[in-house]
Amino acid sequence: MAQRIEMSGVHAYYGSTLAVEDVSLTIQERHITAFIGPSGCGKTTVLRTMNRMHELVLGARVEGKILLDDEDLYDPGVDPVAVRRTIGMVFQKPNPFPTMTVYQNVAAGLRLNGARRGRGSDELVEQALRRANLWDEVKDRLHRPGAGLSGGQQQRLCIARAIAVEPEVLLMDEPCSALDPISTLAIEDLMLELKERFTIVIVTHNMAQAARVSQTTAFFTIAGAGQPGRLVEMGPTATIFSTPSQKTTEDYVTGRFG
Amino acid sequence: MRGDRAFRLVVTAAGIVVLMILAAITIFLIVEAVPALRADRANFLTERHWSPDENPPRFGIAALALGTLMTSVLALLIALPVSVGTALFLTQYAPRRVSVPLGYLVDLLAAVPSVVYGLWGLIVLVPHLIPLSAFLADHLGFIPVFASNQTYGRSVFAASLVLSVMVLPIIAAISREVFLTTPVEQVEAAYALGATRWEMIRTAVLPHGRPGLVSAAVLGLGRALGETIAVALVLSANFDISVHILTPGGNTIAANIANAFGDAGTIGRGALIASGLVLFAFTLVVNLLARAVIVRHRNTLGAPR
Ligand SMILES: Nc1ncnc2c1ncn2[C@@H]1O[C@H](COP(=O)(O)OP(=O)(O)OP(=O)(O)O)[C@@H](O)[C@H]1O
Ligand SMILES: [Mg+2]
């Protein structure tokens, strides 16, 4: 089910600009891995190379190797559409489809894949909403607009939509940055449940959140404006937050970062 | 605060002036039309012939109204898929160095004068349409719309095709604009679910563009309903009530005004103005319907207000 990701020597470009330089790391399966680091250091970029969303930006490209359980994601024979179905994504800003109801939003991914899988979707929608801890709140308004939910509910709706298609890996880019503390806790609890089934990578600016939910933390940084971002170190979350091996990491996690 | 009030006065005045002009035109049309309608010895709504200057005057809107609706709706049916397809190609598929010049070309179609379209339709399109019409009649003739008496040419079908080319740039330009405003978050949401490009278009681009497409279709329909000279040139006017789109004949309100106004007497002019009022009512109804569709779309589906 859940799968591991291995990146080696990954460079990510936007046009001729090198945004991320030489990243090598391993994402453990059924694990929550947190990406932390200052703004602009390339966390989002690295995340988006993993499900081939990066190349959707005009002129963007990736060099290096990214393996999903030993399969090269960038092999010419690999269909990016299939990659994205295996590796789902939740965005910083909740982005339910505004013209769709709650139900239709969750079913959106199923409908795309439905033609290929041919399964009924009522139970799948309920299951996804239950797993996203949203079912009780929306079961009476399944056929009302998804955009009518609160921000926190919308984000859980987006999580339900992403997990409804049964991905192996879930990439979450600052999923709580637009939410209040209660909704944030709800999503953190949810992530801890989801990690039983999915491999999760979360980008966060919230150190406490990284410490609470993740088992592994990767710290990225950037030397200065116009420089490419790079991975400084990666290790067990407890270690990164108490006794990191690099001085820059220590400065950052203790809040002394310049 | 004072600037605010002054501005409010100015815009209110502007609004009132527009309403007054509209009312003045409507009143003028009605005043001109009523005497002719009084003189009419036939039922204006059901009579198909147009002989207002004979004694007794007999004229009615039936054939003209049907012809107007048929040519316009058919033109829209042809133009809508082509222009939405064009707009999708320009915004979603074509590389920039193709889409920019091609976009200009499509816009340029809107700059061609109607009379040129009319001449092109009459001289180029009509003769070339004969084999296609014959083919349609031979293979689909069992459907009444395509039935024919084996003569083809200056038909409703030809007029609709000319009209469809004329409304295409309007619909394509508006569709292109609304497709371009599709929020990137929605595009990415669809792709992140594993959508192919076409699935992304169906999930993000088309739903986002739907209210815009309705407006575009209405503008196109309005243009087709009111188009005068191109239709007058292409159709060989008659006053038959017929659904056979492939055979020569048919007429529209606007084309009939262009054809008949020059020779019209007093009652004739009033009669033509009355037909113009009917055309005005058509466009009004079409616009109201479109508005209703857009509002309903918003309310039930929660698009941003
Ligand atoms: N679409 C884009 N086009 C060009 N450059 C981009 C684009 N997106 C990001 N970049 C650049 O790539 C670098 C890394 O950006 P990225 O968004 O990955 O950083 P981040 O670590 O996610 O930052 P934040 O914490 O602010 O979200 C930055 O220098 C940024 O300016
Ligand atoms: Mg980011």
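Parameters and conventions
Residues numbered from 1 in each chain as written. Chains lettered and ligands numbered in written order. Predicted model: local features only at pLDDT ≥ 70, side-chain atom pairs only at ≥ 80, totals over all residues. Heavy atoms only, no water. Helix = DSSP H or I, 4+ residues; strand = E, 2+ residues; numbered from the N terminus. Buried < 20%, exposed > 50% of the residue type's maximum accessible area, 1.4 Å probe, protein only. Contact = heavy atoms within 4.5 Å. Areas by Shrake-Rupley, 256 points an atom, 1.4 Å probe, with all protein chains shown as cover. Lys, Arg positive; Asp, Glu negative; His and termini not counted. Charge placed at Lys NZ, Arg CZ, Asp CG, Glu CD. Near = heavy atom within 4 Å. Polar contact = N/O pair within 3.5 Å; in protein donor to acceptor, adjacent residues only side chain to side chain. Nonpolar A, V, L, I, M, F, W, Y, C, P; charged D, E, K, R; others polar. Salt bridge = Lys/Arg side-chain N within 4 Å of Asp/Glu carboxyl O. Patch = residues over 30% accessible without salt bridge, like charges linked within 9 Å, V, L, I, M, F, W, Y side chains within 5 Å. Buried area = accessible area lost by both parts, 1.4 Å probe. Expected span 1.5 Å × (residues − 1). Axes fitted to C-alpha atoms, helices over the stretch in contact; angles between N-to-C directions. Parallel < 35°, antiparallel > 145°, perpendicular 65-115°, else oblique. Left-handed = near helix turned anticlockwise from the far one by under 90°.

Colleague: A description of the overall build of chain B should follow, citing residues and the corresponding values.
Modeller: Each helix and strand in chain B was counted, giving ten helices and two strands. Mapped in sequence order, the helices and strands of chain B form the string α-β-β-α-α-α-α-α-α-α-α-α. Expressed as lengths along the three principal axes of its C-alpha atoms, the size of chain B is roughly 75 × 65 × 35 Å. Across the 305 residues in chain B, those meeting the buried criterion constitute 44%. Looking at chain B alone, contacts between residues at least 24 apart form 73% of all its contacts between residues at least 6 apart. When the accessible surface of chain B is split by element, carbon and sulfur atoms take 69% of a total near 15,800 Å². The positive charge centre, built from 20 side chains, and the negative charge centre, built from 15, are 10 Å apart in chain B.

Colleague: Before we move on, could you go through the site of ligand 1 and cite the residues and values that matter?
Modeller: Residues and elements named next belong to chain A. Around ligand 1, a shell composed of Y14, A19, S39, G40, C41, G42, K43, T44, T45, V57, E174 and H205 is seen. Between an oxygen atom of ligand 1 and a main-chain N or O atom of G40, the distance comes to 2.9 Å. E174 has a polar side-chain atom sitting 3.3 Å from an oxygen atom of ligand 1. Partitioning the shell around ligand 1 into residue classes produces four nonpolar, six polar and two charged.

Colleague: How would you summarise the pattern of salt bridges if you had to cite specific residues and measurements?
Modeller: Residue and element names in this part refer to chain A. The tally for this structure, following the rule as stated, stands at 17 salt bridges over all chains. The salt bridge involving E166 is made with R131; its shortest N-O contact spans 3.4 Å. Of this pair, E166 sits in the loop between α6 (151-164) and β7 (169-173) while R131 sits in helix α4 (residues 122-131), placing them 35 residues apart in sequence. Residue R131 is classed as buried on the basis of its relative accessible area, which comes to 17%.

Colleague: Lay out a nonpolar patch on the surface with the relevant residues and their values.
Modeller: Residues and elements named next belong to chain B. A surface patch of nonpolar side chains, amounting to about 640 Å² of accessible area, comprises F89, Y93, V98, L102, L105, L108 and W198. Elements that contribute at least two residues to the nonpolar patch include exactly α2 (62-93) and α3 (96-109). When residues in the nonpolar patch are grouped by element, the largest group, four residues, is from α3. Considering the arrangement of structural elements, one finds L105 in helix α3.

Colleague: Outline the side chain of T68 of chain B, listing residues and values.
Modeller: All names here are of chain B. Inspection of the secondary structure puts T68 in helix α2. A polar contact of 2.7 Å, which involves the side chain of T68, links it to the backbone oxygen of L64. Among residues more than four places away in sequence, those in contact with T68 are L225, N251, T252, I253 and L279.

Colleague: Quick one: what's the story with the interface of chain A and chain B, residue by residue and with numbers?
Modeller: In this complex, chain A contributes 25 residues to the contact, which on the side of chain B involves 20 residues. Across the chain A to chain B interface the summed buried area is about 2,000 Å²; carbon plus sulfur atoms make up 65%. If you sort the residues of chain A by the area they bury against chain B, F97, T99 and L112 of chain A come out on top, with a joint share of 32%. If you look at where chain A meets chain B, you find two salt bridges. Between K93 of chain A and E185 of chain B there is a salt bridge, and its shortest N-O distance comes to 3.1 Å. For the pair chain A and chain B, the number of links is four residue pairs in polar contact (both at pLDDT 80 or more).

Colleague: Break down α6 of chain A for me, citing the residues and quoting the values.
Modeller: Taking 1.5 Å of rise per residue, the 14 residues of α6 of chain A would be expected to cover 20 Å, and the 20 Å separating its terminal C-alpha atoms lies within 8% of that figure. Of all 14 residues in α6 of chain A, 13 are buried; the element is thus mostly enclosed.

Colleague: I'd like a rundown of the environment of V73 of chain B, residues and numbers included.
Modeller: Looking at the secondary structure, you find V73 of chain B in helix α2. With 82 residues separating them in the primary sequence, V73 of chain B and S155 of chain B have C-alpha atoms 15 Å apart.

Colleague: How would you summarise the packing of α6 of chain A against helix α7 (residues 181-194) of chain A if you had to cite specific residues and measurements?
Modeller: Residue and element names in this part refer to chain A. Two elements in contact, α6 and α7, have axes separated by 9 Å at closest approach and are oriented at 20°. It follows that α6 is roughly parallel to α7 by the angle criterion. By crossing handedness, the relation of α6 to α7 is classed as right-handed. Between α6 and α7, the contacting residues are G152, Q155, R156, I159 and I163 on the first element and S183, A186, I187, L190 and L194 on the second. Of the residues in the contact of α6 with α7, the class split is six nonpolar, three polar and one charged.

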